Amino acid sequence: MATEFAFPDSASKTDAASQEFQTEKMSLAMGPSHPSTHGVLRLQLELDGEIVTSCDPVLGYLHRGDEKIAENMTYNQFVPYTDRLDYLAPLASNVAYAIAVEKLAKLEVPARCQAIRVIVSELARISAHLLGLGAYGIDVGAWSVFLYAFEEREKLYKLFEELTGARFTTSYTRIGGVARDVPEGWTGRVEGFCEQFLPILEEILALLTRNKIFQDRTVGVGIISKEDAIAYGLTGPNLRGSGVGLDLRKDKPYSGYEQYEFDVPVGAKGDCYDRYLCRGEEMRQSVRIIRQAIKKFPAGAWYAEDAKKIFAPQKAKVLTSMEELINNFMIVTEGPQMAAGEVYFEGENPKGALGFYIVSKGGGVPWRMKIRSPSFCNLSILPKVCQGNLVSDVVSILGSLDFVMGECDR
Amino acid sequence: MAVIQVERKPLTFAERTYIPQIIGGLKTTLKHFFAPTVTLQYPEERPEIPKGYRGVPTLVKDPHGREKCVSCQLCEFVCPPKAIRITPGEIPAESSSVHVEKGPQAFDIDMLRCIYCGLCQEVCPEEAIFLQNQFSMSGYTRAEMVNNKARLYELGGTLPDQHFKWDKKKAAEEHGNAH
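So, a few notes on the structure that sits alongside this text.

The rules behind these values
Sequence order as written defines the numbering, with residues in each chain counted from 1. Chain letters start at A and ligand numbers start at 1, both assigned in the order the entries are written. In view of the model being predicted, local features appear only for residues whose pLDDT reaches at least 70, and side-chain atom pairs are presented and counted only at 80 or more, with totals across whole chains, interfaces and linings using the full set of residues. Think of the side-chain values as coming from all heavy atoms in the structure, minus any hydrogens and water. Two distance rules govern patches: like charges are joined within 9 Å, and nonpolar side chains (Val, Leu, Ile, Met, Phe, Trp, Tyr) within 5 Å, applied only to residues with over 30% relative accessible area and no salt bridge. Areas reported here follow the Shrake-Rupley algorithm with a probe of radius 1.4 Å; residue values treat only the protein chains shown as occluding. The term salt bridge refers to a pairing of a side-chain nitrogen on Lys or Arg with a carboxyl oxygen on Asp or Glu at a separation within 4 Å. Helix and strand assignments follow DSSP, with helices taken as H or I runs no shorter than four residues and strands as E runs no shorter than two, numbered in order from the N terminus. Three labels apply to residues, based on accessible area from a 1.4 Å probe with only protein chains included: buried if under 20% of the type maximum, exposed if over 50%, partly exposed otherwise in between. In this description, a nonpolar core means a group of buried Ala, Val, Leu, Ile, Met, Phe, Trp, Tyr and Cys residues linked to one another through side-chain atoms lying within 4.5 Å. In a helix, the anticipated span is given by 1.5 Å times the number of residues less one. Bending is quantified residue by residue as the angle between axes fitted to the seven-residue window ending at that residue and the seven-residue window starting at it. Note on pairing: two strands pair once DSSP finds at least 2 bridges between them. Only protein atoms enter the calculation, which uses a 1 Å grid: trapped sets of points that fit a 1.4 Å probe without letting it out are cavities, open sets showing protein on both sides within 12 Å along at least five of seven lines are pockets, and any residue with an atom within 4 Å of a point is a lining residue. Grid points are joined across faces, edges and corners, and a volume is the space filled by probe spheres set on the points. Residue polarity is assigned by list, with Asp, Glu, Lys and Arg as charged and Ala, Val, Leu, Ile, Met, Phe, Trp, Tyr, Cys and Pro as nonpolar; anything else, Gly included, falls into the polar class. Pairs of residues are marked as contacts when any of their non-hydrogen atoms sit within 4.5 Å. Throughout, the accessible surface (probe 1.4 Å) given up by two parts as they are put together, summed over both, is called the buried area. A 3.5 Å cut-off defines polar contacts: any pair of N or O atoms within that distance qualifies, except that in protein one atom must be a possible hydrogen donor and the other a possible acceptor, and neighbouring residues in sequence count only when both atoms are side-chain atoms.

A contiguous nonpolar surface patch, about 380 Å² in accessible area, is contributed by I213 of chain A together with Y18, I22 and L26 of chain B. Tracing the sequence through the fold places I22 of chain B in helix 2 (residues 19–34). Given a relative accessible area of 49%, I22 of chain B falls into the partly exposed group.

If you want it as structure tokens, here you go:
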């Protein structure tokens, strides 16, 4: 909602006054290293006093040319680059990428692999939303939320570290499977995390949800209408906050999401507060999904065993058998063999729909890869929502859109 | 199992006075104030490193002290940031493992480029390169941050082996039934 200020008539209407005050619009560069821009985003603001009359996001400070890089390496070599797209939920990006390439190869991964991918995606979602929440808290002036959220993220990082070998840059998936099976007892520890996490989540949310100070900063601020949200291509919690119940896990289920029961939270008004509420509820739903996935965690292979030209053979075989040794060399040097064709796949990432459009001319290297990053599309609405708001509301809106520049600039 | 609307009730009069939230917030922060700390006092206290951690890449020797790398350069090929550089060399004739034929003359890993992704370890057909537990590296110059072969073996040490495939090959050769 635009904040309207009524200036006293005497001040605005007399020529003498306007000459005396010399009112003119001010140009202000917010960022690229401003704490509330969550990365290297620059907002070129035009201000009339405290009111934003135009907002122009300047992107590209973190551009690395990932799409071009992808054309020069095999499919598996690109997995570490997907960590660095949405670096707050690297596992979810890994999974979306692997499924996209598998769709190109028309490859079905076993149920255990699918369940592992669902669990890690949902854990990544919790981790990303916790950070989004904590950082949002700081943006609008609540410190403790950030601290408690990070305590929980540390526990998640411990789980990721045990599963993948790294806390942050997980590089966990491979085309046709995952890098390694879950360690002994890991699912139990995830269950334990979920158990203790829910009360803490409620405690964290209780600090904000009914807080008058928080509501003053968020309710009615940065309203995105349903129509606008769709027109600007918003996805994820930002779209759902505006009342559109689109969730790719529900609407185009992948990786076995159709087996799990969960709700899709949507907002009523589409303001910052609704987006915050949606993220909070999504974490509860993620816990629900993880619990179901662990309950019926399938045994069996954790990679596609029949995909001999795609998934590299197991180490013990490579060391003892000539066939597998040659196969290992072939898959590494030539890349996982794909048919020629085009494919587009979007996965429901914490920030929204992360899409990979891959054009293959056969072989192990993509001919062209386009990455549709949710943060980029979500940011496109910024000039529209910021207009007419106060500068301090811009901070609140940015926090509620919860973008990540690594993926936006890619 | 559907789309649900997030609950959004207007604040009560009491809540609008800020008081219940202030009290509630103080309660929460006080609880955390007296809770045991979770911070690790880093250089003094060290985190527990789980099995399978991807730390600094190292080269390892087998239990007989033979260097395992046969300089096939697969890790050099797969390394996404191109951090590895290998110069292949021949194994001297007087060495007991001369039948291995090739070994690295030089093996450099540029730790300023390495992203610890573990692909080198994954593709190695000899189990010669391992990402082990060390996670912090520092140096004053760029040259210091390039691990050469000697340093890589020093970091790596010896790891157990299950297959001893080159010993088997040697035995087979001596019996005259090698391929």
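Note on soluble globular proteins: their nonpolar side chains tend to be buried together. Core analysis: the largest hydrophobic core is formed by 120 residues, its most contacted members being F356 and L382 of chain A. Per element, the largest residue contribution to this core is 15 residues, and it comes from helix 6 (residues 111–140) of chain A.

Attention shifts here to helix 8 (residues 186–208) of chain A. In this model, helix 8 of chain A (23 residues) spans 32 Å end to end at C-alpha, consistent with the 33 Å of a helix rising 1.5 Å per residue. Along helix 8 of chain A, the largest kink reaches about 35° and is centred on F197 of chain A; proline P199 of chain A follows within four residues of it.

Residues and elements named next belong to chain A. Direction of pairing for strand 7 (residues 338–349) relative to strand 8 (residues 352–363): antiparallel, over a ladder of 11 bridges. Following the sheet pairing, V343 is matched in strand 8 by I358. Here strand 7 folds back onto strand 8 in antiparallel fashion, the turn holding two residues.

So, about the pattern of salt bridges. Residue and element names in this part refer to chain A. Taken as a whole, this structure holds 36 salt bridges over all chains when the rule is applied. Among the salt bridges present, the one from R368 reaches E67, with a minimum N-O distance of 3.3 Å. Here E67 lies in helix 3 (residues 66–70) and R368 lies in strand 9 (residues 368–372), a separation of 301 residues in the sequence. Classification of R368 by relative accessible area gives partly exposed; the value is 31%. Classification of E67 as buried rests on a relative accessible area of 15%. E67 is paired through a salt bridge with R410; the nearest N and O atoms lie 3.0 Å apart. Of the two residues, E67 sits in helix 3 while R410 sits in the segment after helix 19 (405–409), which places them 343 residues apart along the sequence. Overall, R410 belongs to the buried group, its relative accessible area being 11%. Within this structure, E122, R125, R240, D247, R249, E282 and E348 form a network of salt bridges that share partners.

Considered as a void within the structure, the second largest pocket measures approximately 1,300 Å³ in volume. In terms of lining, the second largest pocket is formed by 43 residues, of which the most central are F150, E151, E154 and K158 of chain A together with V38 of chain B. If you list the elements that add at least two residues to the lining of the second largest pocket, you get helix 7 (143–164) and helix 8 of chain A together with helix 2 of chain B. Ranked by residues supplied to the lining of the second largest pocket, first place goes to helix 7 of chain A with 14 residues. Within the lining of the second largest pocket, the residues separate by chemical class into 22 nonpolar, seven polar and 14 charged.

Below, the discussion takes up the interface of chain A and chain B. Taken together, the 59 residues of chain A in the interface contact 46 residues of chain B. Between chain A and chain B, a total of about 4,400 Å² is buried, with carbon and sulfur atoms accounting for 57% of that surface. A per-residue breakdown of the area chain A buries against chain B is headed by R210, K212 and L319 of chain A, which together make up 17% of the total. Put simply, chain A and chain B have five salt bridges between them. Inspection of the chain A/chain B interface yields 24 residue pairs in polar contact (both at pLDDT 80 or more). Among the elements of the structure, helix 4 (79–83), helix 7, helix 8, helix 9 (212–218), strand 6 (264–266), helix 13 (272–295), helix 14 (315–320) and helix 15 (322–334) of chain A are those that each provide at least two residues to the side of chain A that touches chain B. Taken together, the residues of the side of chain A that touches chain B sort by class into 25 nonpolar, 16 polar and 18 charged. Bridge count between strand 6 of chain A and strand 1 (residues 3–5) of chain B: three bridges; the pairing is parallel. Paired with P265 of chain A across the two strands is I4 of chain B, which belongs to strand 1 of chain B.

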